[in-house]
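Single-letter residue listing:
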Amino acid sequence: MSSEPPVRTVRLFFREAIARALAEEMRLDASIIVLGQDVGAFGGSYKEFVGLFEEFGASRVRDTPVAEAVMVGIGVGVAAAGMRALVNITYMDFLMLGLDPLVNYAAKARFKTAGQITVPVVVKTTAGARGQGVAHSQCIEAWLMGVPGLSVVVPSTPTDAYGLMKSALRAEGPVLYVDHKRLFPTAGPVPIAETLVPIGQAAIRRAGAHVTVVSYSFMVRVALDAAAQLEKSGVSCEVIDLRSLAPIDIATVAASVSRTGALVTLEEGQLICGVGAEIAFQIRELCGPVRVARVGALPAPVSSNPVLEAAVVPDTNRLIGAVRRLLSV
Amino acid sequence: MIYSLVVPSDMGDVEEVRVLEWHGEAGDAFAAGDLIVELETHKALVEVRAGQPGMLRRILCPVGGWMAVGQPLATLSDRPDEPLPDGTRAQTQLLVEFRIS
Amino acid sequence: MILIRAFEAALRVRPDHGFQLLSSGQEAVSVGVCAVLTEADQLLCSGRSIGPALARGLDPGAVMAELTGRTGGLNRGKAGRGHMAHPAAGFFGAHAVVGGNLAIAAGVALAFQAAKRPGAVVCLFGDGACGAGVLHETLNIAAIWQLPLVLVCDNNGISVSTPRDLVLAPRHLADLAAPFAMPAATIDGMDVLAVRDAMAAYIARARAGAGPAFLECLSERFSSHSTATTETRSQQAMATIRARCPIERLSAHLIAEGLLDTAQRATLETEVAGEVARALAFADSTPYPDAAEAMSDVV
């Protein structure tokens, strides 16, 4: 155990952690610009850009029309030309409209030019279901984690929202930064000292012995709630927060599964070709056949109807059920 | 009677708030409609006004402090001389009006 | 223009020519555009990139090597025709996605504007990109932000097999820029001097901070869409088309003006033939990349 003094922290809302990371990086690097709808004087749809417009002005914090293809394309072009850009797409559902410049250009630029062009762009977007209907609820990060040349990060806490945003804004290539609607009401302690969270490093949120529960983004909170409940009946869950989907820190997961012998993955996105499918098979390759279960959304669109949304999106009870069935307890 | 001023709970998806500013201190009297405290949520500012007259007796959460929805922020009473109970929670909640901006 | 024509003629007869989109017939557009560009400017283009790359002054050997997949190529053979780039030489690059370079070009222009750089950005694209939503989006943003961007539509009247009139509503493609209050014109893309003169005005404006412009150049595609696509136009139509050669047109003009004689023309052809031969020899002299390069520069 370290004998260093405890890290001094300040409690921040999730949105404040993002704004703080951006402000710090924009002070350090005058080439960073922010593009998106309502990011200027309005401060962002989740108020996650509050203060930036006042400090850095309209030339660096730019409101754009609703035009994701050109928004992402411009962010990519600006970055390719030697600056840095953060492009904000309010709903992950609309990321699809900007996928061409992100996937066909940004993710391939370094490779196709043999290193003459690099694209340090961050595309930030908010995923998740919260009563807003079939085209404003999706979690499609699994679609992007397999794009060579593209990093994908998924913070679940204000500290990681802050630390991963700083890392993303210093990365050499394109980074997709995916946060979640249901994370914005949350708050947490964030180090007062400037702190980066490395891309590609998972975090063990709760130590446990009987099963490894792997998740990311808002679902980590569901996993921790379930683990607390399961503990009361003697089931000990180790909860791992991936924090990065590309690259994935499979080594941390494998080390855990080697101890527990059981793996449950939890995601809000779809199971087919999902994050859990990828982890489960990589673990099989690394650890041999272990008991595995995956929990994810039901294969249906997510309605704004509260009854129907609740039926589709995973919750604590579904995870508890999956753990119990896997462990036969 | 002793009252608890609690963080309003019908504010949508708000889970916790940060106290932004107290508009009075222990010993101050508030009339119905007076602004008592300003709170910050993850997306808005909330003005909490007295829904009944009362005297502020004890602030439980200072400026910059955090409190979950439904939890007590301060203790008030009808009269200045009523003895305060131990602990932070009074049985009766102070009537308040709140405005989100 | 002669270099582009001869280069492509030599390329297409090689057995290893790969999947190429040829610029033959459209040389006047690339050459006229590049005639006004300096080191300070950047050029982006579509997948029809051989004309633009050579017009921009890139080394023909490096271009030939890139097209044939050799490590002596601009990008070690990894980009090929669809994506080759040499930003240090003012050729920000080709992009094979139709319309895919438009927003990128606007971003490069924004970077120029933010850094107060003296140059401007030019993006070449075809009529095939003019139905794409991202063109409208790019025109809008370029106008609102007054970006130093000149959009040049090399309209050869056909997109693979589809005549432009069948699928694009505007009478002139330059009309697409009309709602955005930027200068726009439709000119004869077979007249290299007309292209140069129109570009000179637009790029001067852009460099001076007066905002974007849209130039439509009407050109002719002398070959099929690609070396792997059959020609859909009739032989008679092709004969008429090929008779409108931009090289012969300029040559006739220069001869009429007393600026060129047949001996000088012949000398030019010989010099170009030598350049092309050297380019081929250079390309063939450099190896294919090692398979391990499939994994280099990915992240």
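The coordinates are above.
Residues numbered from 1 in each chain as written. Chains lettered and ligands numbered in written order. Predicted model: local features only at pLDDT ≥ 70, side-chain atom pairs only at ≥ 80, totals over all residues.

A. Focus on the sheet that holds strand β6 (residues 54-59) of chain B. All names here are of chain B. With mixed pairing, five strands are arranged side by side in an open sheet as β3-β6-β8-β1-β9. Where the open sheet ends on each side, the last strands, each with one partner, are β3 (29-30) and β9 (92-93). Bridge analysis of strand β1 (residues 2-6) against strand β8 (residues 72-77) gives five bridges, and the strand direction is antiparallel. Across the sheet, residue Val6 finds its bridge partner in β8, namely Pro72. (Pairing = 2+ DSSP bridges. Helix = DSSP H or I, 4+ residues; strand = E, 2+ residues; numbered from the N terminus.)

B. Just the interface of chain A and chain B, in detail. Taken together, the contacts link 10 residues of chain A with seven residues of chain B. Secondary structure elements with two or more residues in the side of chain A that touches chain B: β1 (9-13) and α1 (14-28) of chain A. Class assignment for the residues of the side of chain A that touches chain B results in six nonpolar, one polar and three charged. (Contact = placed C-beta atoms within 7 Å. Nonpolar A, V, L, I, M, F, W, Y, C, P; charged D, E, K, R; others polar.)

C. Representation of the pairing of strand β11 (residues 237-241) of chain A. All names here are of chain A. Most of β11 is tucked away: five of the five residues are buried. The two faces of β11 match: Cys237, Val239 and Asp241 on one face and Glu238 and Ile240 on the other face are all buried. One ladder, built from three bridges, connects strand β9 (residues 203-206) with β11; its direction is antiparallel. Across the sheet, the residue bridging to Arg206 is Val239, located in β11. Between the parallel pair strand β10 (residues 211-215) and β11, the chain is carried across by helix α7 (residues 219-232), and the sense of this crossover is right-handed. (Buried ≥ 20, exposed ≤ 12 C-beta atoms within 10 Å, placed from the backbone. Right-handed = clockwise from strand over helix to strand, strands pointing away.)

D. Main features of the nonpolar core. Counting 190 residues, the largest nonpolar core has Ala106(C), Cys123(C), Leu149(C) and Val150(C) as the members making the most contacts within it. In terms of residue count, the dominant contributor to this core is helix α5 (residues 102-114) of chain C (10 residues). For this core, the two domains that each supply at least three residues are domain 1 (10-191) and domain 2 (203-327) of chain A. Setting aside residues no more than four positions away along its own chain, Leu149(C) makes contact with Ala105(C), Ala106(C), Ala109(C), Ala120(C), Val121(C), Cys123(C), Ala142(C), Ala206(C) and Pro212(C). (Core = buried A, V, L, I, M, F, W, Y, C linked by C-beta atoms within 7 Å. Domains from an automatic or database assignment.)

E. Region of the structure containing helix α8 (residues 192-207) of chain C. Residues and elements named next belong to chain C. Here α8 is 16 residues long and its end C-alpha atoms lie 22 Å apart, about the 22 Å a rise of 1.5 Å per residue gives. Listed in full, the buried residues belonging to α8 are Val192, Val195, Ala198, Met199, Tyr202, Ile203 and Ala206. Down the axis of α8, the buried set is contained in an arc of 130 degrees. They therefore lie on one face. Next to the buried residues of α8 lie α2 (27-34), β4 (149-155), β7 (184-188), β8 (213-218) and α10 (246-256). (Expected span 1.5 Å × (residues − 1). Arc of directions from axis to C-beta.)

F. Molecular detail of the environment of Asp127(C). Residues and elements named next belong to chain C. On the secondary structure map, Asp127 appears in the loop between β3 (121-126) and α6 (133-144). Of the residues examined, Asp127 has 23 C-beta atoms within 10 Å and is grouped as buried. Sequence spacing of Asp127 and Cys217 is 90 residues, and the spatial spacing of their C-alpha atoms is 9.9 Å.

G. View of the interface of chain A and chain C. Between chain A and chain C, the contact holds 30 residues from the first and 29 residues from the second. Secondary structure elements with two or more residues in the side of chain A that touches chain C: α3 (68-80) and α4 (99-112) of chain A. Ranked by the residues each element gives to the side of chain A that touches chain C, the list is headed by α3(A), at nine residues. Of the residues assigned to the side of chain A that touches chain C, the class counts are 16 nonpolar, 11 polar and three charged.

H. Main features of α2(C). Counting buried positions along α2(C) yields eight of eight residues, so the element is predominantly enclosed. Buried residues of α2(C): Glu27(C), Ala28(C), Val29(C), Ser30(C), Val31(C), Gly32(C), Val33(C) and Cys34(C), and no others.

I. Fine view of the pairing of strand β13 (residues 262-270) of chain A. All names here are of chain A. Most of β13 sits inside the fold, with eight of its nine residues counted as buried. Bridging between β10 and β13 involves three bridges; their strand directions are parallel. Paired with Thr212 across the strands is Leu263, a residue of β13. Pairing of β13 with strand β14 (residues 291-297), which is carried by six bridges, proceeds in the parallel orientation. Within β14, the position partnered with Leu263 by the bridge is Val292.

J. Geometry of the packing of α3(A) against α4(A). All names here are of chain A. With their axes 9 Å apart at the nearest point, α3 and α4 run at an angle of 15 degrees to one another. Relative to α4, the element α3 is oriented roughly parallel. For α3 against α4, the interelement crossing comes out left-handed. Between α3 and α4, the residues in contact are Ala69, Val72, Gly73, Val76 and Ala80 and Asp100, Pro101, Leu102, Tyr105, Ala106 and Ala109, respectively. (Axes fitted to C-alpha atoms, helices over the stretch in contact; angles between N-to-C directions. Parallel < 35°, antiparallel > 145°, perpendicular 65-115°, else oblique. Left-handed = near helix turned anticlockwise from the far one by under 90°.)

K. Here's a closer look at the sheet that holds strand β1 (residues 42-45) of chain C. All names here are of chain C. Judged by pairing direction, the sheet is parallel, and its six strands sit side by side in the order β2-β1-β3-β4-β8-β7 without closing on themselves. Two strands lie at the open edges of the sheet, namely β2 (91-94) and β7, each paired on one side alone. Averaged over all pairs of adjacent strands, the angle between strand axes in this sheet comes to 15 degrees, irrespective of strand direction. As defined by bridge partners, β4 adjoins β8 across six bridges and the pair is classed as parallel. Looking at the pairing, Leu151 lines up with Phe214 of β8.

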